[in-house]
Amino acid sequence: MRTVPATEKTVRRSALVASAVLVSTALTAPAALAAPKPTTSPSAAPPARMSIVGGERLGRPGTQVNLGAGVPVLPKELSARSWIVADAESGDVLAAHNAHWRLAPASTLKMLFADTLLPKWPRTTTHRVETSDLAGVGSGSSMVGVKEDETYTVHDLWLGVFLRSGNDAVHVLSAMNGGVEKTVDEMNEHAEELQALDTHAVSPDGYDAPGQVSSAYDLTLIARSGLQKKDFREYCSTVRAQFPGETRKNKKGKRVRGSFEIQNTNRLLSGDYDVPVYQGIAGVKNGNTTHAGATFTGVAERDGKVLLVTVMNPVKKESNEVYKETARLFDWGFAAAGKVEPVGELVPPKSVEEANAAAGPSASPGQAGGGTGAGSKPVASAHTGGGADGMGVALGIAGGVVALLAGGVFLVNRRWPLPDLVRRRPRP
């Protein structure tokens, strides 16, 4: 793996934002529609020139990191085609490898689906599933077990999306939203708002489709946005839950409906025979398809520092390799945090950027979104109800705080906006 020595200083944040605006103009929806068909060929090389959203270094192929005094060397056992390590709060990109390479995202695209649709309905909303709701679910899809003519709450369906990566649950929620086509259009609009300009959704569930692409950089932006939402944080950190079963007649002829346990397929959260639960992990989403290979975006907190790591398609095909490489990058990131000079940044959403420009230089540092407001209370743990076993949420939000704080002002050189850290409770 090639590492880039610290021969230059990080681009000033104001310049980074300016470059993001320029690239936003260049990378329009028609360009996304013309995205090449993803390939998992190990011999495939990243483009010589990629997007520079977040900084010029992030548009270069190969590994970008500033190794200097006191900075640990990157792990040697990394085979992913693309990865990124970022500070979830400051937005600093600590290191990256082909960060803007547009690759098939698999079910990590469900993070964009959730971030787009979660605000639409209260979790208590119910829906009776029709046969048409499940039309178009791809062959071989991961399923949670949604049945037609049964009624589910929105809460049930989101548990199915996050824990079992259920494409059946995704399609039911899409039907509730007016259909797959409308949902995909809204996802692409939301991606553009987030400045996730490498991303083009074709299916709402991440099922392989020609032209469906994202990047390690974009998936990290999307995860960071999703983590602003309380429900998103709860669902992506839930290890196991009870999911409604099929209504049947019991021995007495009475119609009853039981439930069955579902477990999170994120192995850093739930563990596996060759992967231990990662200390401080709190989600976010994994995926695996024929074209994408294994993909994963994770968030973890340790000693007051919150990091996001995305890993796409390790060439090494050992069991749970995507989680093993993610864990190594988390370890490196926590050891390097505060010592390594960033190579770029996670840009704010377009609307926040425009609010900054309108506010001008008169905004005071006190108006940034990093502080914890009076009366904000950390949440020690979270339960999803219905028998769910939430491991707790590593990220909290202060008093319903959203991206635009203090009169709509966000300062690019300040934290955005994961203000309250919540300590993980021990596993049972």
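If you're wondering where the values come from, they're calculated on a predicted model, not measured in any experiment.

Q: Any chance you could explain the environment of alanine 80 here in plain terms?
A: Assignment of secondary structure puts alanine 80 in strand β2 (residues 80–87). Taking the relative accessible area as the measure of exposure, alanine 80 reaches 5% and is therefore buried.

Q: Is there a simple way to explain the nonpolar core in this structure?
A: As a rule of thumb, soluble globular proteins bury nonpolar side chains together. Judged by nonpolar contacts, the single largest core of 64 residues is most densely connected at Val146, Trp158, Phe162, Tyr217 and Phe232. In terms of residue count, the dominant contributor to this core is helix α4 (residues 154–164) (seven residues). Beyond its immediate chain neighbours, meaning those up to four positions away, phenylalanine 232 contacts Met111, Ala114, Asp115, Leu118, Phe162, Ala223, Gly226, Leu227 and Val284. Ranked by size, the runner-up nonpolar core spans 30 residues in total, among them Ala80, Trp83, Tyr323 and Leu329.

Q: Help me understand the packing of aromatic side chains, please; the structure alone is not making it clear to me.
A: Any two aromatic rings considered together are summarised by their centre-to-centre distance and by the angle between their planes. Summed over the entire model, instances satisfying the criterion amount to nine aromatic pairs. Members of the aromatic cluster, connected to one another through ring pairs, are Phe113, Trp158, Phe162, Phe232 and Tyr235. Of note, arginine 257 hangs over the ring of tyrosine 152, and the distance from its end group to the ring centre comes to 4.7 Å.

Q: What is the right way to read the confidence of the model for the protein chain from this model?
A: For residues with low pLDDT, the predicted coordinates do not support detailed interpretation. Mean pLDDT over the protein chain stands at 81; residues scoring 70 or higher make up 74%. Taken as a whole, residues 1–37 scores under 50 in pLDDT and shows 71 contacts with residues more than four places along the chain or in a different chain. The low-confidence segment residues 363–387, where pLDDT is below 50, has 49 contacts with residues more than four positions distant or belonging to other chains.

Q: Whenever I open this one, the side chain of aspartate 218 confuses me. Can you help?
A: Within the element layout of this structure, aspartate 218 appears in helix α7 (residues 216–226). Buried charge aspartate 218 goes without a salt bridge, the closest partner of opposite sign being arginine 102 at 6.8 Å.

Q: How do you make sense of the environment of proline 210 when you look at a structure like this?
A: As for its placement among the helices and strands, proline 210 is situated in the loop between α6 (180–193) and α7. Linking proline 210 and histidine 291, residues 81 residues apart in sequence, is a C-alpha distance of 9.8 Å.

Q: Explain helix α8 (residues 230–237) here, please?
A: Side chains three or four residues apart in an α-helix point the same way, a direct result of the helix having 3.6 residues per turn. Counting buried positions over the eight residues of α8 gives six, a clear majority of the element. The set of residues buried in α8 consists of Phe232, Arg233, Glu234, Tyr235, Cys236 and Ser237.

What counts as what
- Residues numbered from 1 in each chain as written.
- Predicted model: local features only at pLDDT ≥ 70, side-chain atom pairs only at ≥ 80, totals over all residues.
- Heavy atoms only, no water.
- Helix = DSSP H or I, 4+ residues; strand = E, 2+ residues; numbered from the N terminus.
- Buried < 20%, exposed > 50% of the residue type's maximum accessible area, 1.4 Å probe, protein only.
- Core = buried A, V, L, I, M, F, W, Y, C linked by side-chain atoms within 4.5 Å.
- Contact = heavy atoms within 4.5 Å.
- Phe/Tyr/Trp six-rings, centres within 6.5 Å; stacked < 30°, edge-to-face > 60°.
- Lys NZ or Arg CZ within 6 Å of the ring centre and 35° of its normal.
- pLDDT = per-residue confidence, 0-100.
- Lys, Arg positive; Asp, Glu negative; His and termini not counted.
- Salt bridge = Lys/Arg side-chain N within 4 Å of Asp/Glu carboxyl O.

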